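Spelled out, the chains give:
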Amino acid sequence: MSKTILVTGGAGYIGSHTLIELHNAGYDFIVVDNLVNSQKESLYRVAKIIGRNIPFYEVDIRDAVAMDEILTLHPVDACIHFAGLKAVGESVSKPLEYYSNNMTGTFVLVEQLRKHGCKNLIFSSSATVYGNPAQIPITENCPKGQCTNPYGQTKSMLEEVLTDIQKADPQWNIVLLRYFNPIGAHPSGQIGENPNGIPNNLMPYITQVAVGKRPELGIFGNDYDTHDGTGVRDFIHVVDLARGHVSALSAIERGCGLAIYNLGTGQGYSVLDLVKTFERVNRVPIPYRILDRRPGDIATCYSNPSKAFEELGWKAQYGIEEMCRDAWNWQKNNPNGYEQADY
Ligand code: NAD
Ligand code: UFG
C-alpha cells in the first residue's frame, strides 16, 4: 500500500513541484495550505499534470482543531513541511507575523503529528542558516552563522527546536533540508514561481523584465569579491529540489533519526552569469542597471552537496541553462502567473 504524506504549504512554489515528484514516486498525499502566498489554481494544474484529484484543506497550520480533524480523517506516514512565510525584507518589518506563523505553525503541526502517531518530518530549512559562511563550498558541518533577519532566525531556531525534539524522543525521524537558491519551473510550463507584487528574488525579477512587466533589472552591487563583482549563488532547479524531498523520505523510511542535508548543485554562478545565460538560452534581452548593495546580502554562497549524494543518492540533474529555459517557459506562457486560470 502506498504511503501518505501530509504536505503543508503544498500550493506554494516548491510544494507544488514536490507533489508531482511524490506522485511519480508512488506516494499519496494530502495538502494543507491557507493560501496566504499561493493560489488554488496551482493545485488544479498539478492535478491536471498528474491526472488525479488532490485532497486539499484550506487551513492555517496554527489551527490545532482543524489539524486534529484532518489528521483524524487522514492518517499520514510522514509530513513534508513547507508552510511558512519567506520574504526576507518583509520579515524585518513584520517580525511578529513571521515568528508567529513560522514558529507557532511548526509547534502546532509537530504536536498534532505526535498526537496522531506520525513522527516523521521533513523541514524546509535554508542556506541562510549559515549566515556569512565560514567556508566555501558549504558543507553541513560548517558552523551556523548570524542570521540578519527574522525570517532567517525562524529557520535557524526551528532547526534547534526540531533537533531537541528528536533528541528527547529518538522515535522521531527528522530531516532538515537546507535549500540553496531554487529557480526554474516544471518543464510543462504549467506551474512555477508566482510572487505577489514586486519580486524579491532574482529569477522572478529577470522573467518579469523579459516579459515586459518591468523595464529593467536592478543588480545589487558589482563590487563584491567575486569573478565579476556580482553576488554568487548556488541556483538549483526546483524539480531537482523537489526530488530531494522524495529522497529524504527514503532516509526517513530507513529510520535516519536526525539528518541534515544541503540541497544545492555545488556550482556557484554570479548574478551576471545568470542574466547572460538567460539572454543566450531564451534569446530575450534583459536590460539591467547596477545599484547599491542590498543590505544583508553576502558575496558568495554555494554548497558542497556530496552528503546528500552519498547518503540519499540524490544529485541535481539540471544545469543553469535548463533553469533559465524552464523559468522563461513558465513566465511567457503565464505572464500574470496563476491569475489567468484556463478552466
Ligand atoms: P511559497 O510561499 O511559495 O510556499 C509556502 C506556502 O505555505 C504558501 O502556499 C503559503 O500559502 C503557505 N503557508 C504559509 N503559512 C501558512 C500557514 N500558517 N498555514 C498554512 N499554509 C501556510 O514558498 P516556497 O518558495 O515554496 O518555500 C517553501 C518553504 O521553503 C518555505 O518554508 C520557505 O521558507 C523555504 N525556503 C524557500 C526558499 C526559496 O528561495 N524559495 C529557500 C529556502 C527555504
Ligand atoms: N539580486 C539582484 N537583484 C534583484 C534580486 C536579487 O541583484 O532584484 C541579487 C542579490 O543581491 C543576490 C542574488 O541576486 O546577490 C540572489 O538574490 P535572491 O534574493 O534571489 O536570493 P538570496 O540568495 O538573497 O536569498 C535566497 C532566498 C532566501 C534564502 C537564501 C538562502 O530568498 O529565502 O536564498 O537559501 F534564505
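An account of the accompanying structure is given in this report. (Residues numbered from 1 in each chain as written. Chains lettered and ligands numbered in written order. Predicted model: local features only at pLDDT ≥ 70, side-chain atom pairs only at ≥ 80, totals over all residues. Heavy atoms only, no water.)

## Concerning the site of ligand 2
For step 1, the next point in the chain: Contacts to ligand 2 come from 20 residues, most closely from Ser-126, Asn-201, Gly-218, Arg-233 and Asp-297.
For step 2, the next point in the chain: Within the backbone of Leu-202, an N or O atom sits 2.8 Å from an oxygen atom of ligand 2.
For step 3, the next point in the chain: In the model, a nitrogen atom of ligand 2 is placed 2.7 Å from a nitrogen or oxygen of the Gly-218 main chain.
For step 4, the next point in the chain: Taking 680 Å² as the accessible area of ligand 2 by itself, protein coverage stands at 89%.
For step 5, the next point in the chain: Every element with two or more residues in the shell around ligand 2 is listed here: helix H7 (202–210) and strand S8 (217–220).
For step 6, the next point in the chain: It is S8 that contributes the most residues to the shell around ligand 2, 4 residues altogether.
For step 7, the next point in the chain: Looking at side-chain class alone, the shell around ligand 2 contains 10 nonpolar, 7 polar and 3 charged residues. (Near = heavy atom within 4 Å. Polar contact = N/O pair within 3.5 Å; in protein donor to acceptor, adjacent residues only side chain to side chain. Areas by Shrake-Rupley, 256 points an atom, 1.4 Å probe, with all protein chains shown as cover. Helix = DSSP H or I, 4+ residues; strand = E, 2+ residues; numbered from the N terminus. Nonpolar A, V, L, I, M, F, W, Y, C, P; charged D, E, K, R; others polar.)

## A few points about the packing of helix H5 (residues 95–115) against helix H6 (residues 150–168)
For step 1, the next point in the chain: Between H5 and H6, the shortest axis-to-axis distance is 9 Å and the interhelical angle comes to 20°. For the element pair H5 / H6, the angle class is roughly parallel. Considering how the two elements wind past one another, H5 and H6 form a crossing that is right-handed. Contacts from Pro-95, Tyr-98, Tyr-99, Asn-102, Met-103, Thr-106, Phe-107 and Val-110 in H5 reach Pro-150, Tyr-151, Gln-153, Thr-154, Met-157, Leu-158, Val-161, Leu-162 and Ile-165 in H6.
For step 2, the next point in the chain: Taken together, the residues of the contact of H5 with H6 break down into 13 nonpolar, 4 polar and no charged. (Axes fitted to C-alpha atoms, helices over the stretch in contact; angles between N-to-C directions. Parallel < 35°, antiparallel > 145°, perpendicular 65-115°, else oblique. Left-handed = near helix turned anticlockwise from the far one by under 90°. Contact = heavy atoms within 4.5 Å.)

## Here we look at the site of ligand 1
For step 1, the next point in the chain: Surrounding ligand 1, one finds 26 residues, the nearest of these being Ile-14, Asp-33, Asn-37, Ser-38 and Lys-86.
For step 2, the next point in the chain: Here an oxygen atom of ligand 1 and a side-chain polar atom of Asn-37 are 2.6 Å apart.
For step 3, the next point in the chain: Between Lys-155 and ligand 1, the recorded distance is 2.9 Å, taken from a side-chain N or O atom to an oxygen atom.
For step 4, the next point in the chain: When ligand 1 is considered free in solution it has 820 Å² of accessible area, and contact with the protein chains removes 95% of it.
For step 5, the next point in the chain: Counting only elements with at least two residues in the shell around ligand 1, the list comes to helix H1 (13–24), strand S5 (120–126) and H6.
For step 6, the next point in the chain: For the shell around ligand 1, the leading source of residues is S5, giving 3 residues.
For step 7, the next point in the chain: Tallied by class, the residues present in the shell around ligand 1 amount to 12 nonpolar, 10 polar and 4 charged.

## Re unusual backbone geometry
For step 1, the next point in the chain: Residue Ile-136 is joined to Pro-137 through a cis peptide bond whose omega torsion reads -10°.
For step 2, the next point in the chain: Assignment of secondary structure puts Pro-137 in the loop between S5 and H6.
For step 3, the next point in the chain: Despite not being glycine, Leu-35 has its phi angle at roughly 60°, a positive value.
For step 4, the next point in the chain: On the basis of relative accessible area, Leu-35 is assigned to the buried category, the value being 17%.
For step 5, the next point in the chain: In this structure, Arg-283 is a non-glycine residue whose phi angle is positive, near 55°.
For step 6, the next point in the chain: Relative to the assigned elements, Arg-283 resides in the loop between helix H9 (271–282) and strand S13 (288–291). (Buried < 20%, exposed > 50% of the residue type's maximum accessible area, 1.4 Å probe, protein only.)

## Comments concerning the nonpolar core
A general feature of soluble globular proteins is that nonpolar side chains tend to end up buried together.
For step 1, the next point in the chain: In terms of nonpolar packing, the biggest core is built from 42 residues, with Ile-5, Leu-22, Phe-29 and Ile-54 touching the most fellow members.
For step 2, the next point in the chain: Tallying contributions element by element places helix H8 (residues 238–253) first for this core, with 7 residues.
For step 3, the next point in the chain: Apart from residues lying up to four places away in sequence, Leu-22 is in contact with Ile-5, Val-7, Tyr-27, Phe-29, Ile-80, Val-246 and Leu-249.
For step 4, the next point in the chain: Among the nonpolar cores identified, the runner-up in size contains 24 residues, and Ile-30, Met-103, Leu-113 and Cys-118 belong to it. (Core = buried A, V, L, I, M, F, W, Y, C linked by side-chain atoms within 4.5 Å.)

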